Amino acid sequence: MSTGVIIALIVIVAVVLVVAAVLALRARGPQHGGSLKRRFGPEYDLAVARHDGDTKAAERELTERVRRHGSLHTRPLEPAERERFEARWTAAQERFVDSPREAVGEADRLIAELAGARGFPDGAQYEEQLMALSVHHAHHVEGYRRVHRVTHARVDDARDGGADTEEMRESLVEARALFEALMRPSRHEGGDLQRTGTKADRSAPAARASHTWSFGKHRPKES
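Residues numbered from 1 in each chain as written. Predicted model: local features only at pLDDT ≥ 70, side-chain atom pairs only at ≥ 80, totals over all residues. Heavy atoms only, no water.

## A closer look at the overall build of the protein chain
Item 1. Counting its regular elements, the protein chain contains ten helices and zero strands.
Item 2. Taken from the N to the C terminus, the helices and strands of the protein chain come in the order α-α-α-α-α-α-α-α-α-α.
Item 3. Put simply, the protein chain has 223 residues, and 36% of those count as buried.
Item 4. In the protein chain, of all internal contacts separated by at least 6 residues, the share reaching a separation of at least 24 is 70%.
Item 5. As presented, the protein chain carries roughly 13,300 Å² of accessible surface, and 56% of it is formed by carbon and sulfur atoms. (Helix = DSSP H or I, 4+ residues; strand = E, 2+ residues; numbered from the N terminus. Buried < 20%, exposed > 50% of the residue type's maximum accessible area, 1.4 Å probe, protein only. Contact = heavy atoms within 4.5 Å. Areas by Shrake-Rupley, 256 points an atom, 1.4 Å probe, with all protein chains shown as cover.)

Rendered as structure tokens:
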């Protein structure tokens, strides 16, 4: 066997080994701590804290979430559905001025229904739905967790009226980020949103929501 053939075989073996190593790393994917931290962001830190600093236990939990929900494909919203959800969210924000607890409760129900409409687990299975959302919207899911917690907290658990109202306002503001993320078409939906109306038509509900929300923070004191 000539020297050239031997060198060629060595090169081929080396290439095969490199390819195998790359494929092995990709197969590990979400099980790798660094990948999980990048994917989950704040949810990674919450999982570690929930497991009292045990990163391995937290990563096992997050890996299981990805295994169960990572392949989920969202269902596109029909134009009429989209309009109804936008109108309901705007109404909830407007209601906050006079009835903050009812507004937060509506936001909690609305996100549950919207997530279900997009193909996530049904809102009646809150924990399962939350876990699925955390896989695909890790940087926004905390808002849903907060409005759900506020909605189901006992009224007499509040420290005082002002602080409780501010907490509700903050939870609603944070939940809005998840609402907007769920309303956006996913990549595999292509140009569906563009076929539902003009750019001005599509931006109008968001503009109204931003305008109506501006006075939510300055709720007048009750006599």
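## Quick word on the side chain of Thr74
Item 1. With respect to the helices and strands, Thr74 occurs in the loop between helix 4 (55–69) and helix 5 (79–95).
Item 2. Here the side chain of Thr74 touches Arg118 through a polar contact of 3.4 Å, side chain to side chain. (Polar contact = N/O pair within 3.5 Å; in protein donor to acceptor, adjacent residues only side chain to side chain.)

## Thoughts on a nonpolar patch on the surface
Item 1. On the surface, a cluster of nonpolar side chains totalling about 260 Å² of accessible area is made up of Ile7, Val11 and Val15.
Item 2. Along the chain, the position of Val15 falls in helix 1 (residues 3–28).
Item 3. A relative accessible area of 48% means that Val15 is categorised as partly exposed. (Patch = residues over 30% accessible without salt bridge, like charges linked within 9 Å, V, L, I, M, F, W, Y side chains within 5 Å. Salt bridge = Lys/Arg side-chain N within 4 Å of Asp/Glu carboxyl O.)

## Some thoughts on the pattern of salt bridges
Item 1. Here the structure, examined in full by the defined rule, presents 16 salt bridges.
Item 2. Close ionic contact of Glu180 with Arg176 constitutes a salt bridge, the shortest N to O distance being 2.9 Å. On the criterion of helical spacing, the pair formed by Glu180 and Arg176 is a turn pair, its members being four residues apart in helix 9 (residues 161–183).
Item 3. The exposure class assigned to Glu180 is partly exposed, which follows from its relative accessible area of 34%.
Item 4. A residue is classified by how much of its surface remains accessible, and Arg176, at 16% relative accessible area, is buried.
Item 5. Several salt bridges share partner residues, and in doing so they unite Glu43, Arg50, Glu61, Arg65, Glu142 and Arg145 into one network.

## Comments concerning the nonpolar core
Item 1. In this structure, Phe85, Trp89, Leu133, Tyr144 and Leu182 are the most contacted members of the largest nonpolar core, which totals 30 residues.
Item 2. Where this core is concerned, the elements lending two or more residues are helix 5, helix 6 (100–117), helix 7 (126–136), helix 8 (141–152) and helix 9.
Item 3. Sorting elements by how many residues they give to this core places helix 6 first, with nine residues.
Item 4. Those residues in contact with Leu133 that lie beyond four places of it in its chain are Ala115, Phe120, Ala138, Val141, Tyr144, Leu178 and Leu182.
Item 5. Core analysis: the next-biggest nonpolar cluster, separate from the first, contains ten residues, Leu36, Phe40, Ala58 and Ala138 among them. (Core = buried A, V, L, I, M, F, W, Y, C linked by side-chain atoms within 4.5 Å.)

## Some points on the packing of aromatic side chains
Item 1. On inspection of all chains with the given rule, the structure shows two aromatic pairs.
Item 2. Between Trp89 and Phe179, the ring centres sit 4.6 Å apart and the planes meet at 15 degrees, which makes this aromatic pair stacked. Taken together, the residues span a long stretch of sequence, with Trp89 in helix 5 and Phe179 in helix 9 at a distance of 90 residues. Judged on exposure class, the residue Trp89 and its partner Phe179 are both buried. (Phe/Tyr/Trp six-rings, centres within 6.5 Å; stacked < 30°, edge-to-face > 60°.)

## Let's talk about helix 3 (residues 42–50)
An α-helix turns once every 3.6 residues. As a result, residues three or four positions apart point the same way.
Item 1. When helix 3 is considered as a whole, its buried residues turn out to be Glu43, Tyr44, Ala47 and Val48. Mapping the buried residues of helix 3 onto a view down its axis gives an arc of 140 degrees, with all of them on the same face.
Item 2. One or two residues past the end of helix 3 sits Asp52, with phi positive at roughly 55 degrees. (Arc of directions from axis to C-beta.)

## Thoughts on the side chain of Glu81
Item 1. Examined against the element boundaries, Glu81 turns out to sit in helix 5.
Item 2. Those residues in contact with Glu81 that sit more than four places away from it in its chain are Arg75, Pro76 and Ala117.

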